[in-house]
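These are the residues of each chain, in order.
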Amino acid sequence: MAVTHLYLQNNRRFNALITVICLALLIFCLIERQVRRALATRATAADGLYADRPAIPTGKLILDALAGIRLIPGSGQSPPTIPQPTDLQLRLLDLLDIDPRDLR
């Protein structure tokens, strides 16, 4: 509530800020949940997430690993592409059921 006087002019904007924060946390948790469930059903591991040691994937570790991904947007008939993703990034995209070759 202390933020309201500095950055937000009215309660409506404050409520909007809280809604955006809640949606971001929901997406964060859903990413973590999807990767953990996929790892539980598959025989693969998410090695390389935490200083080359096995770790339980957290949302922060997942998003940190995916932070270096570049996306080249498609134009016309050419689809968007991800140039040179790392092995860990490809493994995480697979666990999230995202096909890096079909980004449309």
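1. Some points on the side chain of Gln 89
Consideration 1: Counting through the fold element by element, Gln 89 comes out in helix α4 (residues 87–95).
Consideration 2: Judged by its relative accessible area of 7%, Gln 89 falls in the buried class.
Consideration 3: Not counting residues up to four positions away in its chain, the partners in contact with Gln 89 are Ala 65, Leu 66, Gly 68 and Ile 69.

2. What to know about the pattern of salt bridges
A side chain of one charge can pair with a side chain of the opposite charge if their charged atoms are brought near each other.
Consideration 1: Counted by the stated rule, this structure contains two salt bridges.
Consideration 2: Of the charged contacts, one joins Glu 32 and Arg 36 as a salt bridge, the two residues approaching to 3.8 Å between their closest N and O atoms. Of the two residues, Glu 32 and Arg 36 both sit in helix α2 (residues 11–41), four residues apart, roughly one turn of that helix.

3. Remarks on α4
Consideration 1: Of all the positions in α4, only Leu 88, Gln 89, Leu 92, Leu 93 and Leu 95 are classed as buried. When α4 is viewed along its axis, its buried side chains cluster within an angular range of 160° and face the same direction.
Consideration 2: Elements in contact with the buried residues of α4: α2 and α3 (59–66).
Consideration 3: Of the residues trailing α4, Asp 97 is marked for its positive phi of about 60°.

Reading the values: the criteria
- Residues numbered from 1 in each chain as written.
- Predicted model: local features only at pLDDT ≥ 70, side-chain atom pairs only at ≥ 80, totals over all residues.
- Heavy atoms only, no water.
- Helix = DSSP H or I, 4+ residues; strand = E, 2+ residues; numbered from the N terminus.
- Buried < 20%, exposed > 50% of the residue type's maximum accessible area, 1.4 Å probe, protein only.
- Contact = heavy atoms within 4.5 Å.
- Salt bridge = Lys/Arg side-chain N within 4 Å of Asp/Glu carboxyl O.
- Arc of directions from axis to C-beta.

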